[in-house]
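One letter stands for each residue in the lines below.
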Amino acid sequence: MKIHRSSERLIKNLELSEIIDLKALQSMMDDFHRLVRIPMRIIDLRGKVLGGVGRQDICDRFHRAHPETCKHCIESDVRLSAGIPRGEFRLYNCLNNMRDIATPLFVCGKHMGNVFSGHFFFDDEPVDYDLFRSQARKYVFDENEYMAALESVPRLRRGQVEAGMSFFIKIADVITSASYDNINLAQSLVERDALMVSLRESRKDLNRAQAVAHTGSWRMNVGRNELTWSDETYRIFGIPEGTSLTYEKFLSFVHPKDREYVDREWAAALRGKPYEIEHRIIVGDTMKWVREKAELEFDKEGLMHGGFGTVQDITERKLAEANRALLADTLRILNRGGDLHLRIAEALGLIRVRPGSTRWVCGCAWVRTTPISNIRVFRRSFCGRRIPSA
């Protein structure tokens, strides 16, 4: 069985009880005991009994109940069963003089516990009753009850025990395989959770970076006519995050005067033309400029099946360009003469939000009804330098 390093690291921090399905194993042991009447139990390396069947009164009422004999039980389960090679079993007398058999449980190459069959006596060997009477007197057990419990201990044929141990070795392999699968599953879940945390952090970083750059992203599934937008793209277009989108829905946000142009460029992109355009969008009662660029994906037949693109809010850039152009024209008109009112009106037509509204441009509000003699041109330029009053 191939063992992954991640599983080896994980197993170091786990107990046997944490990686085996005790309920399922207990049910299997119960069924096995009903058929062959061979006692069985699973014990970890600390001596803790995790499950079992066919437990004997002499163990539960006497040996495990007395402090000294209980130490003998744990020492037998831990020390006398140590060092058994995987796939083999060991027959021994426990320190309380009962027959026991053990086979080891390995998980990811690590010995983590044992499968025991006991306690019992072979049916062809005499029981030393005097020895057990002396144990009853030594540990102050009720002798009659102790000897009655001894009589109820199973007497098993040697062939029966050997067949049982062959089954126990297979059980150990089943437990090992199931435990390994559980560990791999646990490791996969840990890695999945770590990946999900990493993805959430990466998404947060991406959203933060897009917000700073005023650049969103989108993906188009042509077959389903489905648009997927990043959080920043939703913010740029001023609609709630998670709104269901299609290409037609996107076009409805485009400025009416730019809609035909955008649709024409998209149709050309479907035929292989690069898609990189600038256009206006309507956001509530305002207007924005955006720059879009896309990389489209085509199948082997040359048909587009999807695309990925970016959208950047370039409104401030457009305003700055309009400011510079207006400043240059204003200075030229003042120097050479001309209709300054007309040029200002044209500039306002480019950058204002709605007809008849006033737009703040680089800190100065241009009002079309303001007489030319009262206009103080650009007290502050787009780069922060002062310009003398006109």
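What you see is a predicted model, and the numbers here were worked out from it, not measured in a lab.

According to the stated counting rule, one finds 23 salt bridges in the structure shown. Across the salt bridge formed by Glu143 and Arg133, the nearest N and O atoms sit 3.8 Å from each other. Of the two residues, Glu143 is situated in helix 7 (residues 143-151) and Arg133 in helix 6 (residues 129-138); the sequence distance between them amounts to 10 residues. We classify Arg133 as partly exposed; its relative accessible area is 32%. A salt bridge links Glu265 to Lys273, with the shortest nitrogen-to-oxygen separation between them at 3.2 Å. Residue classification places Glu265 among the buried residues on the basis of a relative accessible area of 11%. One network of salt bridges, in which partners are shared, links Arg41, Arg64, Asp77 and Asp100.

A cluster of nonpolar side chains, contributed by Leu195, Met196 and Leu199, occupies part of the molecular surface with about 280 Å² of accessible area. Inspection of the secondary structure puts Met196 in helix 8 (residues 158-213). With a relative accessible area of 38%, Met196 lands in the partly exposed category.

If you walk across this open sheet you meet the 5 strands as 8-7-11-10-9, and the pairing is antiparallel. Looking at which strands have only one partner, the edges of the open sheet turn out to be strand 8 (226-229) and strand 9 (275-283). Along the sheet, successive strands turn relative to each other by an average axial angle of 25°, direction set aside. Where strand 9 lies against strand 10 (residues 286-298), 9 bridges are found, and the strand directions are antiparallel. For Val283, the partnering residue across the bridge sits in strand 10 and is Thr286.

Calculation criteria
- Residues numbered from 1 in each chain as written.
- Predicted model: local features only at pLDDT ≥ 70, side-chain atom pairs only at ≥ 80, totals over all residues.
- Heavy atoms only, no water.
- Salt bridge = Lys/Arg side-chain N within 4 Å of Asp/Glu carboxyl O.
- Helix = DSSP H or I, 4+ residues; strand = E, 2+ residues; numbered from the N terminus.
- Buried < 20%, exposed > 50% of the residue type's maximum accessible area, 1.4 Å probe, protein only.
- Patch = residues over 30% accessible without salt bridge, like charges linked within 9 Å, V, L, I, M, F, W, Y side chains within 5 Å.
- Areas by Shrake-Rupley, 256 points an atom, 1.4 Å probe, with all protein chains shown as cover.
- Pairing = 2+ DSSP bridges.
- Axes fitted to C-alpha atoms, helices over the stretch in contact; angles between N-to-C directions.

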